[in-house]
Amino acid sequence: MSPTTTAPRFVRADGPDKVTGSGRYTADLTLTGALVAKFKYAEVSHARITKLDVSAARAIPGVFAVLTQDDVPDVRFGPFVQDRTLFARDVVRFEGEILAAVAAVDVPTAQRALNAIVVEYAPLPVVNDIEAALSPDAPLVHADWSDYGAAGPIVRDRNDASMASIAKGDVDKGMAEADVVVHSRYVADGCHAAPIEPRAVLAQWEGNKVTIWTSTQVPFDARAGVCETLELPANRVRIIVPHLGGGFGGKCGFHYEAHVAALARATKRPVRLVFSRREEFVAPDRRREGIVFDLETGVRRDGTITARKVWLAIDNGAYTADAGFFSQLAAMHALGPYQVPHAFAEAHLVYTNHQPSGSVRAPTAPQTCWALESHTDEVAKAIGMDPVEFRLKNAVATGKEGPSGQVYDEIGLVDCIRAAADGAGYGQALPDDEAIGVAIGWWPSFSVPSGAYVKIDGDGSGQIITGAQECGTGAVMTLRQLVADELGMQAEDFELVYQDTSVAPYDMGATGSQTLFNNGRAAVAAAGQIAEQLKQLAAEQLEANPADIVLADGAASVAGTPSRSVPIAELAGIAAGGELLIGHGSGAPPAPPEVVGATCVGDVGMTAWVAPQFSCHAVRVKVDRDTGVARVLHVSAAHDSGTIINPVGATGQVEGAVLMGIGQALTEGTRYDDEAKQRNAALLEYKLQTCADAPPIDIHFVEIDTPNAGPRGAKGLAEAPNVATAAAISNAIAAIIGTPVRQLPMTAERVWSTVNGIEGSPA
Amino acid sequence: MSFVIATTIDEAIAALAAGARPVAGGSDLVVGARHGKAPLPGDLVAIDRIEELRCLEFTDAGACIGAGVNHHTIEHHPVLSTVYTGISDGSALVGSPSTRNVGTLGGNVMNASPAMDTGAPLVVLGAEVELRSASGSRRVGLAELWTGPGRTSARPDELCVAIHVPAPAARSNSAYLRLEYRRSMEIAVVGAAASVTLADDGSVNAVRVALTAVAPTIIEVAGLGGGTVADVAAAAQAAAAEQARPISDVRASDAYRRHTVGVMARRAVEAAARRALGEPVSVPVNRAIGIGAAS
Ligand SMILES: Cc1cc2nc3c(=O)[nH]c(=O)nc-3n(C[C@H](O)[C@H](O)[C@H](O)COP(=O)(O)OP(=O)(O)OC[C@H]3O[C@@H](n4cnc5c(N)ncnc54)[C@H](O)[C@@H]3O)c2cc1C
């Protein structure tokens, strides 16, 4: 099927702006008298600061301010573990840590100021290896870790910033019941979100209020961070996001807004920060976490899984961003969407002297799916069973119990497996350098509070005023359709007012695939209030009962008597002279399903998954055995994301995520030198996929009538399609060369080394 | 600080004599400066509007390719892409469509990167560059031109006006391949070019092989002789792997480069031989026979 030809026409409200270049991104904005901000970075991975002298920098003409931790409130912050400060305090823990911030009249002057800052260090031992960091005698990344504040349920110990476990049944008993036990080790390197737009922040104070234009995915989080670190109430901080040039999770969390606001306050001038590509690579929370996996599955000869036991350690980096719940998330992904009677998972989030990890598209999922699904193919092979058949037998299904003890209501994973395999022509005869690999994945929908307003003015034109953030997915753009459908109007009748925290109610932001799920609910609720008002007004005009009024085709009419009708624009005109057409909505977030039985799931994130999304990718790959270069020839992606409200947007999400998944599978990986510094912090050496690399991608949406989901039964879709691609590619490569490549990305040299049995960890 | 836009070779040469550096497409010079490789020269002369530098002439002696001819033109030119095919293979791999439209052959050659994609094919075709200054013209072979990474034996006042490529013998052709991890915006991990002349019986009479990104400059493989295509290809593979002097870096280890440059050399010989036989192997070979795979 070719979704682009069957999908209806959909013109994004922000499309023409972005395509023609008239749209403004943060770095395009200028304010009269604005200064340039630059950061002085640590450049070393772990050291005690013995001297930090900014006096010479401050003395340079054209330098308006140089700030360090001494110049801002001494607040330790962090969403899960309060382990960081705005600027380095006493110790630097990764190369991109900010020592000082400069505001100067222009870039060369700012650069001179950076050069004039004197910093001296006493080196501390560098923690560069995830597993070594867990050993009892490993140097501590945070010597004072036990004094830090942390969110209630987080279990911490030394370099272990968040430990989570899932226990179900008796895993030893389950292993003893197995005919075969397969044990595998996999290692995933970290990788990057790499949005095309580097971060930019512009701040301006008026009196005691500050407005900050910033390229963030989470405006309300950014506001909360500014308020916490600069000790301001929420109503004096306004965050506005101009068009956002992609995020992929790399712009989640609060960063830099407070630094720039502090500079603007100190200089009494607007101040603007624009990152270079290198900064975009080394600055905090840009990175998908590396993970080390140890996986064990017991299986009977008939293909029944008897037990699964996993241990994994996640590279947290030097500070804990929103990675606090990653250990629990990774534990779920490592057990996988399988019926496993006896399960045990143990996951650690480990401090190292690397750049901190952040919520890059489906955090922990693609790498963990890669490890588990590669392992799963090893299990199927060990008992001589076809890997698709093995998955069909063991995958979670409607009414079945998953590894956390949750019993699933209507889900479409089994249909996804069939659709993806069929779409790939699984089973067809292929040349000996080609194979089709299959993998399954899952991802939760995040059920959280969210708000929106809708108003219709006297001329009948409407506005949707939403706290939601558009990061390119089109989720906010789809709100117009939802609201219009609710009111019998056209999407084009509504303009969006969004990405401004002082104008709209709260939304969690472009994170967790949650926008349509939650803000869609809010917008529909707001539109519903206006629908009631319109029906009341129409009933008066048409001398009918409000309950009999139907809103359709831009008019309100009496059910069954379409001739008794009044245009909505006319009703809007009447309302403008009386009670205005204003709706506000939030709606109760769907409650998580109950989990019963003898299962223990850590409760950092969610004990059960609301409206979980399922996927299966089947990927045809060709391997050049002589060079190890693998090339993806075709992708068949099947998704249960509930009801697909916007087919064009949904198709774009899957295509983009698949391409990102191919990059993560084959070419994208961060490399560290012996000093824990990034070796490939540039787009030539950090290899994203390009359009020329894109294979044909066939997409199959398995639309299940999902209870307890978002508007019209929709689930999320932004992260789910990034989960299974790398895993499917891995299984295809293993099928061709006879053994899995145990390190991600599966670069050409690693494939070649695996073919030739060369040990070590090549490029 | 000065910036002069030259419209004739003479104007450009005058500017060089006064100390300016030439900028053609700027895709090495300007991009390199932005990345902190070397600061932008204070005095620049733009040579991209000099019509004379875009000349393309074919005589019995061979091809004269103006220094200002861009990669897009070389990729698609009907004579270059069939007779001097290895050069077109190289140009077709450069960057992206926009890079191929701004980047010139003269810039590629004078930039003297060991990873440049037109270098190895020009070497196996025996090309010479024509350098011109106020004091006259001279022709220099490529082995003499490139003295190290980013270094040439050209004097600062010399402008490269053209690249001269001798006409290939009958029953001969060339090919260039590189190892790449993605299909555009890539830099050669390693690469190899071959030119092959066949005897009437289809065996190889003469062969030249040159290697990309395995030494401080493009190097030519020594000691190759004739034989069956299979034997020559195998010998080229072994000799390339042996004579390469690769480094280990973030792109690849030395061992992997040594192995894969041999593979590229073998495939280049095979592709050149097929072309010499008249088989159509489309430009670039990377896509035709696939590094990784064709699609
Ligand atoms: C995104 C990108 C991708 C790229 N990919 C590739 C690739 O795949 N393969 C590859 O080989 N290269 C690649 N390059 C490098 C570059 O595009 C090529 O080397 C191109 O041919 C350079 O030509 P130019 O006209 O832009 O050179 P310029 O940058 O203008 O000049 C390069 C150097 O040569 C000198 N010079 C230029 N013309 C003359 C002349 N006529 N006489 C004397 N000196 C001269 C200049 O002074 C300068 O030192 C890439 C570059 C970019 C930006």
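Rules used in this analysis
Residues numbered from 1 in each chain as written. Chains lettered and ligands numbered in written order. Predicted model: local features only at pLDDT ≥ 70, side-chain atom pairs only at ≥ 80, totals over all residues. Heavy atoms only, no water. Helix = DSSP H or I, 4+ residues; strand = E, 2+ residues; numbered from the N terminus. Rg over C-alpha atoms; globule rule 2.2 N^0.38 Å. Contact = heavy atoms within 4.5 Å. Areas by Shrake-Rupley, 256 points an atom, 1.4 Å probe, with all protein chains shown as cover. Near = heavy atom within 4 Å. Polar contact = N/O pair within 3.5 Å; in protein donor to acceptor, adjacent residues only side chain to side chain. Nonpolar A, V, L, I, M, F, W, Y, C, P; charged D, E, K, R; others polar. Domains from an automatic or database assignment. Buried area = accessible area lost by both parts, 1.4 Å probe. Salt bridge = Lys/Arg side-chain N within 4 Å of Asp/Glu carboxyl O. Core = buried A, V, L, I, M, F, W, Y, C linked by side-chain atoms within 4.5 Å. Buried < 20%, exposed > 50% of the residue type's maximum accessible area, 1.4 Å probe, protein only. Pairing = 2+ DSSP bridges. Axes fitted to C-alpha atoms, helices over the stretch in contact; angles between N-to-C directions.

(A) A look at the overall build of chain A. Scanning chain A from N- to C-terminus turns up 19 helices and 31 strands. The C-alpha atoms of chain A give 27 Å as radius of gyration, which agrees with the globular expectation for 763 residues (27 Å, within 12%). Once the C-alpha set of chain A is aligned to its principal axes, its extents read approximately 80 × 70 × 50 Å. Taking as baseline every contact in chain A between residues at least 6 positions apart, the subset at least 24 positions apart corresponds to 79%. Carbon and sulfur atoms provide 51% of the accessible area of chain A, an area that totals close to 25900 Å².

(B) Quick peek at the site of the ligand. All names here are of chain B. The ligand sits among 31 residues. The nearest are Pro22, Ser27, Asp28, Thr104 and Asp117. Between Ser27 and the ligand, the recorded distance is 2.6 Å, taken from a side-chain N or O atom to an oxygen atom. Here Gly95 contributes a backbone N or O atom positioned 3.0 Å from an oxygen atom of the ligand. Considered on its own, the ligand offers 970 Å² of accessible surface; in the complex 88% of this is hidden by protein. Counting only elements with at least two residues in the shell around the ligand, the list comes to strand 2 (21–23), helix 2 (29–34), helix 5 (97–102), helix 6 (105–111) and strand 10 (159–166). The greatest single-element share of the shell around the ligand, amounting to 4 residues, is contributed by helix 6. Its residues placed into classes, the shell around the ligand shows 15 nonpolar, 11 polar and 5 charged.

(C) Seen up close, the side chain of Thr667(A). Counting through the fold element by element, Thr667(A) comes out in the loop between helix 17 (647–666) and strand 30 (697–701). Only 2.7 Å separates the side chain of Thr667(A) from the backbone oxygen of Lys687(A), close enough to count as a polar contact. When neighbours within four sequence positions are excluded, Thr667(A) is seen to be in contact with Ile662(A), Lys687(A), Gln689(A), Pro745(A) and Tyr181(B).

(D) Molecular detail of the domain arrangement of chain A. Residue and element names in this part refer to chain A. Partitioning chain A into domains gives domain 1 (26–124 + 199–274), domain 2 (359–446 + 607–755) and domain 3 (450–585). Centre-to-centre, using C-alpha coordinates, domain 1 lies 38 Å away from domain 2. Contact residues are listed per partner, giving 6 residues for domain 1 and 8 residues for domain 2. Summed over the three residues of domain 1 that lose the most area to domain 2, namely Ser45, Glu95 and Phe248, the buried surface amounts to 71% of that side. There are 0 salt bridges connecting domain 1 and domain 2. If you look at where domain 1 meets domain 2, you find 4 residue pairs in polar contact (both at pLDDT 80 or more). Of the residues belonging to the side of domain 1 that touches domain 2, the class tally is 2 nonpolar, 2 polar and 2 charged.

(E) Representation of the nonpolar core. All names here are of chain A. Counting 112 residues, the largest nonpolar core has Trp370, Val621, Ile729, Ile733 and Met746 as its most contacted members. The element contributing the most residues to this core is helix 18 (residues 725–737), with 8 residues. Those residues in contact with Ile729 that lie beyond four places of it in its chain are Val619, Val621, Val632, Ile662, Ala665, Leu666 and Met746. Core analysis: the next-biggest nonpolar cluster, separate from the first, contains 42 residues, Ile98, Val226, Val241 and Ala261 among them.

(F) Layout of the pairing of strand 11 (residues 200–206) of chain A. All names here are of chain A. For strand 11, a buried count of 5 out of 7 residues is recorded, marking the element as mostly surrounded by other parts of the structure. Inspection of the sheet shows strand 11 paired to strand 12 (residues 209–214) by 6 bridges, in the antiparallel sense. Across the sheet, residue Leu202 finds its bridge partner in strand 12, namely Trp213. Counted along the chain from strand 11 to the antiparallel partner strand 12, the turn is 2 residues long, and its residue Gly207 has a positive phi close to 60°.

(G) Broad picture of the environment of Thr217(B). All names here are of chain B. By the secondary structure assignment, Thr217 is in the loop between strand 13 (204–212) and strand 14 (219–220). Judged by its relative accessible area of 16%, Thr217 is buried. The spacing of Thr217 and Asp89 is 128 residues in sequence and 19 Å in space, taken between C-alpha atoms. If near-sequence neighbours (up to four positions away) are discounted, Thr217 is found in contact with Pro114, Trp146, Thr147 and Gly148.

(H) Highlighting the sheet that holds strand 30 of chain A. Residue and element names in this part refer to chain A. A sheet is described by the order of its strands in space; here 4 strands give the open sequence 19-28-29-30, paired in mixed fashion. With one partner strand each, in any of the chains shown, strand 19 (434–445) and strand 30 form the two edges of the open sheet. On average, adjacent strands in this sheet sit at an angle of 20° to one another, irrespective of strand direction. Where strand 28 (residues 610–624) and strand 29 (residues 629–640) come together, 11 bridges link them in antiparallel fashion. Within strand 29, the residue paired with Phe614 across the bridge is Asp640.

(I) Structural detail: the pattern of salt bridges. In the structure shown here, the tally under the stated rule is 43 salt bridges over all chains. With a shortest N-O distance of 3.6 Å, Glu95(A) and Arg278(A) are connected by a salt bridge. Pair noted here: Glu95(A) is in the loop between strand 4 (91–92) and strand 5 (98–104) and Arg278(A) is in helix 9 (residues 277–282), with a separation of 183 residues, a long-range link. Via salt bridges that share partners, Asp624(A), Asp626(A), Arg266(B), Arg267(B) and Glu270(B) belong to a single interconnected network.

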